[in-house]
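Coordinates in review
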Amino acid sequence: MADNLPAEFDVVVVGTGLPESIIAAACARSGQRVLHVDSRNYYGGNWASFSFSGLLSWIKENQEKSEISDECEDWRKLILENEEVISLNKKDKTIEHVEAFCFGDQDSAKDVEEAGALPKLPVFGASGAEGVAQDPNKECPPLDSAVARAESCEAEKAASVDTASTVEENDTEVNCENEGSPSVSSSESALDLGKAEAAPSEVSAQEPKKIMYSQIVREGRRFNIDLVSKLLYSRGLLIDLLIKSNVSRYAEFKNATRILAFREGKVEQVPCSRADVFNSRQLTMVEKRMLMKFLTFCLDYEQHPDEFQDYKNSTFAQFLRTRKLTPSLQHFILHSIAMVSETDCSTVEGLQATRKFLQCLGRYGNTPFLFPLYGQGEIPQCFCRMCAVFGGIYCLRHSVQCLVVDKESGRCKAIIDHFGQRISANYFIVEDSYLSESVCRNVCYRQISRAVLITDQSVLKTDSEQQVSILTVPPVDLGQPAVCVIELCSSTMTCMKDTYLVHLTCPSTKTAREDLEPVVQKLFHLNTEAEKETENEELDKPRVLWAVYFNMRDSSGIDRNSYSSLPSNVYVCSGPDSALGNDCAVKQAETIFQEMFPTEEFCPPPPNPEDIIYDEDELASEESGLSNSPETKPEPSPEESSSRGSTAVNEHSEE
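Parameters at a glance
Residues numbered from 1 in each chain as written. Predicted model: local features only at pLDDT ≥ 70, side-chain atom pairs only at ≥ 80, totals over all residues. Heavy atoms only, no water. UniProt positions renumbered as here; feature names shortened; annotations may be inferred. Phe/Tyr/Trp six-rings, centres within 6.5 Å; stacked < 30°, edge-to-face > 60°. Helix = DSSP H or I, 4+ residues; strand = E, 2+ residues; numbered from the N terminus. Buried < 20%, exposed > 50% of the residue type's maximum accessible area, 1.4 Å probe, protein only. Pairing = 2+ DSSP bridges. Contact = heavy atoms within 4.5 Å. Axes fitted to C-alpha atoms, helices over the stretch in contact; angles between N-to-C directions. 1 Å grid on protein atoms, 1.4 Å probe; cavity = no way out; pocket = protein on both sides within 12 Å on 5 of 7 lines; lining within 4 Å. Points joined across faces, edges and corners; volume = space filled by probe spheres on them. Nonpolar A, V, L, I, M, F, W, Y, C, P; charged D, E, K, R; others polar. Salt bridge = Lys/Arg side-chain N within 4 Å of Asp/Glu carboxyl O. Expected span 1.5 Å × (residues − 1).

With an unreviewed UniProt entry as reference, the chain is termed Rab proteins geranylgeranyltransferase component A, source organism Cairina moschata. Database annotation for the chain, UniProt heading Sequence similarities (unreviewed entry): "Belongs to the Rab GDI family." Per UniProt, the chain has the following entry under Subcellular location (unreviewed entry): "Cytoplasm, Cytosol".

Next up, the structure:
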């Protein structure tokens, strides 16, 4: 049971977001005793992925914002005279302005049950959501009727994790409910699969299937909806870490198949590789030569300083105007290849971004990006699994009351959990959202505007329905942020067949709906009264069936000194940032790990079981069939390895 946890660890990690999970895995791999806890009943924090019903439950919880009472009222008796406490938050306050809308055909969904859902089980850790009256002003009536099913699904997920015991290798199988689903390899040796997936659709693109809201509810487990929308650069820090640590064997990936641009009210595909450029019908021969010449220059721009030296203090957009590029090429390079701001990005930053894009081309496909099957929430779980394999102990629905600080040394000595148990450790990793307002009073947070849409068609219809697309919509007014749009098809295992999952992200200037709804209206058809008059004109636009908007706190890039009275052995991990990649989380995790253990290697590969040398006693016990050596844990069983049918990203995939 959780109240019988060991009283002492080397490292205690609070929160299961991506940076915390990477640190926990690195610490366990280096031989540290790790306790990893989270007050939520799911892995990932703000990096998590949900089924549709799970997302409805998450929406309800964040709209109600109810407080959680202490389970242990007398925990303060455990504090000694020479100690003081730093209280931690019991409620996540990083999500604001949550608004959900249903635009699809709202046939009766009251009696519709999610396929495969288990009967409702009691939920511990009290989300505080149950039994609270519904908001009468909600704009999506079926949303309320589906929340009961949502809590049932979340209870099922929570029940699958034993919060009081060590998570064994088979307990942390990522999204095991989807094992039977088809998988897609991301290794270069299997690049042809991407083409195979692009088989022409038999369903007419002009007549999309009519999707009812009840179908979405019924097929809710087909959805894996990310709270944060990101892609993996094929030569980015996260891919390198996945390969180095061999954590990539726990996940599967799919190539992003196309880069899109939004120009003059239309969506068009951007040619970015050499083959794309020369096969493009939208560029003239002169434009093709211009583009190839410029992209070749960007690959080794540092060797030609005289060509950009005079423009170091200019913006990248101004520099592009001097390169004899047509307006359409300037637009493609600025918004779809470099993906930088028109007003804030310097020439050197733009050249660096363009070079990074080009260097990532061709490693795993014809775009620089990979997407993890079943959603971004898989990645933290993969690192949690590695930590568990090396002895880490996991407890979900396990809140921490406070950090205990020694007054004389100023170092944190222990935590006290909601059972009133005092657990000592040498180092403490805490996710930013757990810190109280008194600790964060001098911190200035940014916000991210997020929208998630379920649509019935792709933003750019082609012969293939199975496309993973990335689109940058430039701002209408200069100085406003561009909006990054990622569209996922059903082969990514994130949505049901005949639907698309669309993520929109930008740095916040207002509420998420105010920031993103204008872009949604440009790209999609909303089935509202105001738009019924123009319905015939917009038949070619995809229809939005369901949407949610919310603002998420961006705690990245905050200086440690901004936190008040933070002990030297307590490290803070930030939540997701607004960038497309994951480099910030990986850098932060490695920096914190090296500060704690400067002599240890960061996430080395696990030992190959064939290379392990056993002593005579171990060999004897193995021969007698009694061997229980933990050193054989890192390698999964043949059945487990084959269960998902994946070819992991690995070093051998490079040419």
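Before going further, it helps to spend a moment on the packing of aromatic side chains. Tallied over the full model, the rule gives 18 aromatic pairs. Ring plane angle 25° and centroid distance 6.4 Å describe the contact between F316 and F319, whose orientation is recorded as stacked. Remark: F319 and F316 occur in helix 9 (residues 316-321); sequence separation between them is 3 residues, near one turn of the helix. Taking the relative accessible area as the measure of exposure, F319 reaches 0% and is therefore buried. When the ring of F357 is compared with that of F369, the centres are 6.2 Å apart and the planes differ by 75°; the resulting orientation is edge-to-face.

Moving on, we come to the pairing of strand 14 (residues 412-417). Judged by how many residues are buried, strand 14 sits mostly within the fold: 5 of 6 residues are covered. Across 5 bridges, strand 13 (residues 400-406) lies against strand 14 in antiparallel orientation. Along strand 14, the bridge assignment pairs V404 with A414. Adjacent in sequence and paired antiparallel, strand 13 and strand 14 are bridged by 5 residues, among which G410 carries a positive phi angle near 75°. Where strand 14 and strand 15 (residues 422-424) come together, 3 bridges link them in antiparallel fashion. Note on strand 15: the bridge partner recorded for A414 is S424. The turn linking strand 14 back onto strand 15 is made up of 4 residues, and G420 within it adopts a positive phi angle of 85°.

Another point: the side chain of R355. The topology assignment puts R355 in helix 11 (residues 347-360). Given a relative accessible area of 19%, R355 falls into the buried group. Apart from residues lying up to four places away in sequence, R355 is in contact with C298, L299, Y301 and E302.

The next subject is unusual backbone geometry. Positive phi outside glycine occurs at H97, with the angle close to 55°. Within the secondary structure, H97 is located in strand 5 (residues 95-102). By relative accessible area, H97 is classed as partly exposed at 44%. One non-glycine residue, C603, lies in positive phi territory at about 50°. Among the structural elements, C603 can be located in the loop between helix 14 (583-596) and helix 15 (616-623). In this structure C603 comes out as buried when scored by relative accessible area, which is 0%.

In this section: the sheet that holds strand 12 (residues 393-395). Overall, parallel pairing links the 5 strands, which are arranged 12-2-1-16-22 in an open sheet. With partners counted over all chains shown, the strands left at the sheet margins are strand 12 and strand 22 (570-573), one partner each. Shown here is a sheet whose adjacent strand axes are inclined to one another by a mean of 15°, direction ignored. Across 4 bridges, strand 1 (residues 11-14) lies against strand 16 (residues 427-431) in parallel orientation. Within strand 16, the residue paired with V14 across the bridge is V430. Against the sheet, helix 12 (residues 378-389) makes contact with strand 2 (34-37) and strand 12, and its axis sits at roughly 130° relative to strand 12, the strand it touches most. Against the sheet, helix 14 contacts strand 16 and strand 22, and its axis sits at roughly 175° relative to strand 22.

This part covers empty space enclosed by the protein. Going through the model one piece at a time under the given rule, you end up with 5 cavities of 30 Å³ or more. When its volume is computed, the largest cavity comes out at roughly 50 Å³. Around the largest cavity, the lining residues are N46, T94, E431, D432, S433, R553, S555 and G575. Taken together, the residues of the lining of the largest cavity sort by class into no nonpolar, 5 polar and 3 charged. In this structure, the second largest cavity occupies an estimated 40 Å³ of space.

To continue, consider the pattern of salt bridges. By the definition in use, this model includes 23 salt bridges. Two residues, D92 and R40, come together in a salt bridge whose shortest N-O distance is 3.3 Å. Note that D92 is positioned in the loop between strand 4 (83-87) and strand 5 and R40 in the loop between strand 2 and strand 3 (49-50), a separation of 52 residues in sequence. Residue classification places D92 among the buried residues on the basis of a relative accessible area of 18%.

So, on to the environment of G375. With respect to the element layout, G375 can be found in the loop between strand 11 (369-372) and helix 12. When the C-alpha positions of G375 and S49 are compared, they lie 6.1 Å apart, and in sequence the two are 326 residues distant. Beyond its immediate sequence surroundings of up to four residues, G375 is in contact with S49, D226 and T494.

Attention now goes to helix 13 (residues 512-523). The first and last C-alpha atoms of helix 13 sit 17 Å apart over 12 residues, in line with the 16 Å expected at 1.5 Å per residue. For helix 13, the full list of buried residues reads A512, D515, L516, E517, V519, V520 and L523.

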